[in-house]
Amino acid sequence: MPQRFTATENAFDKGIEKTSAKQGAKLAGEWVEEIRKADFTGSKGLASELERLEKLLNEDEPDGDKLKTLLEKIGQDTAKAADRAEDPKVAEKVRKLAEAMGAKQTA
């Protein structure tokens, strides 16, 4: 999973708009596999959202508005997942990903 975190963080750090739709779809698909193996409240819903993201990014002309809305939703659900992580290091990485997707962090 550390490589997946790094690849995803790099995509957001460089500017997600610079990541091709196909690269984004590949990342989303890899996360779907990882999340499906995970056992936490909300994992099934998050995996389904990531599958929708993967499909959307694989379209010939992905809809930017739908992408933005879906990324925000995934970001919020990712932030919730971070709150449930038992490992503080994993929780911090997950929070950073959530913030990169536009999630509003709660205090």
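The residue numbering used here restarts from 1 in each chain and proceeds along that chain's sequence as written. Given that the model is predicted, a residue must reach a pLDDT of at least 70 before its local features are reported, and side-chain atom pairs must reach 80 or more before they are shown or counted; all residues, however, enter totals for whole chains, interfaces and linings. With hydrogens and water set aside, each side-chain value is computed from the structure's full complement of heavy atoms.

## Looking at a negative patch on the surface
A surface patch of negative charge is lined by E59, D60, E61, D63 and D65. By the element assignment, D60 lies in the loop between helix 3 (43–57) and helix 4 (64–84). Exposure above 30% relative accessible area and no salt bridge define the residues that can form patches, which grow by joining like charges within 9 Å and nonpolar side chains of Val, Leu, Ile, Met, Phe, Trp and Tyr within 5 Å. Per-residue accessibility takes into account occlusion by the displayed protein chains alone, with areas from the Shrake-Rupley method and a 1.4 Å probe. Here, a salt bridge means any Lys or Arg side-chain nitrogen found within 4 Å of an Asp or Glu carboxyl oxygen. We score Asp and Glu as negative and Lys and Arg as positive, and we do not count His or the chain ends. All charge positions are set by atom: Lys at NZ, Arg at CZ, Asp at CG, Glu at CD. To qualify as a helix, a DSSP run of H or I must reach at least 4 residues; to qualify as a strand, a run of E must reach at least 2; elements of each kind are numbered from the N terminus.

## Quick word on the environment of S20
Within the secondary structure layout, S20 lies in the loop between helix 1 (2–13) and helix 2 (21–37). Categorising residues by exposure relies on relative accessible area from a 1.4 Å probe, with only protein chains included: less than 20% of the type maximum marks a residue as buried, more than 50% marks it as exposed, and the intermediate range marks it as partly exposed. Note on S20: relative accessible area 33%, which makes it partly exposed. In sequence terms S20 and L57 are 37 residues apart; their C-alpha atoms lie 8.8 Å from each other.

## Re the packing of helix 2 against helix 3
Two quantities define a packed helix pair, namely the angle between the helix axes and the distance between the axes. For helices, the fitted line uses only the C-alpha atoms of the stretch in contact; every axis is such a line through C-alpha atoms, and the angle between N-to-C directions lies from 0 to 180 degrees. In the contact formed by helix 2 and helix 3, the axes pass within 8 Å of each other and the chain directions differ by 160°. What the angle tells us is that helix 2 and helix 3 run roughly antiparallel. The hand of the helix 2/helix 3 crossing is left-handed. Two secondary-structure elements touch here, helix 2 through A21, K22, G24, A25, A28, G29, W31, V32, I35 and R36 and helix 3 through S43, K44, L46, A47, S48, L50, E51, L53, E54 and L57. In this classification, Asp, Glu, Lys and Arg are treated as charged, Ala, Val, Leu, Ile, Met, Phe, Trp, Tyr, Cys and Pro as nonpolar, and every other residue, Gly included, as polar. For the contact of helix 2 with helix 3, the class distribution of residues is 11 nonpolar, 4 polar and 5 charged. When an angle is under 35 degrees it counts as roughly parallel; over 145 it counts as roughly antiparallel; between 65 and 115 it counts as roughly perpendicular; any other value is oblique. Handedness of each helix crossing follows the sense of rotation of the near helix against the far helix: counterclockwise by less than a right angle gives left-handed, clockwise gives right-handed. Residues count as neighbours in contact if any of their non-hydrogen atoms are within 4.5 Å of one another.

## Here we look at the side chain of T8
For T8, the position within the fold is in helix 1. In this structure the side chain of T8 is engaged in a polar contact, spanning 2.7 Å, whose partner is the side chain of W31. Apart from the residues lying within four places of it in its own chain, the contact partners of T8 are L27, W31 and L97. Throughout this description, a polar contact denotes any pair of N or O atoms lying within 3.5 Å of each other; where both atoms belong to protein, one of them has to be capable of donating a hydrogen while the other can accept it, and for residues adjacent in sequence the pair is counted only when both atoms sit in side chains.

## Looking at the pattern of salt bridges
If you walk through the whole model with that rule in mind, you get 7 salt bridges. Notably, a salt bridge pairs K68 with E72, separated by 3.1 Å at the nearest N-O pair. A residue pair is termed a helical-turn pair when its members lie 3 or 4 positions apart in one helix, as K68 and E72 do in helix 4 at 4 residues. On the accessibility criterion, E72 (34% relative accessible area) is partly exposed. Salt-bridge contacts for K73 lead to D77; the nearest nitrogen and oxygen are separated by 3.0 Å. Of this pair, K73 and D77 are both found in helix 4, 4 residues apart, which corresponds to roughly one turn of the helix. Taking relative accessible area as the criterion, K73 reaches 41% and is therefore assigned partly exposed. Its relative accessible area of 13% is what places D77 among the buried residues. Three or more residues are tied together by salt bridges with common partners; here these are E49, K73, D77 and K80.

Function cannot be inferred from these measures alone, as they are strictly geometric.
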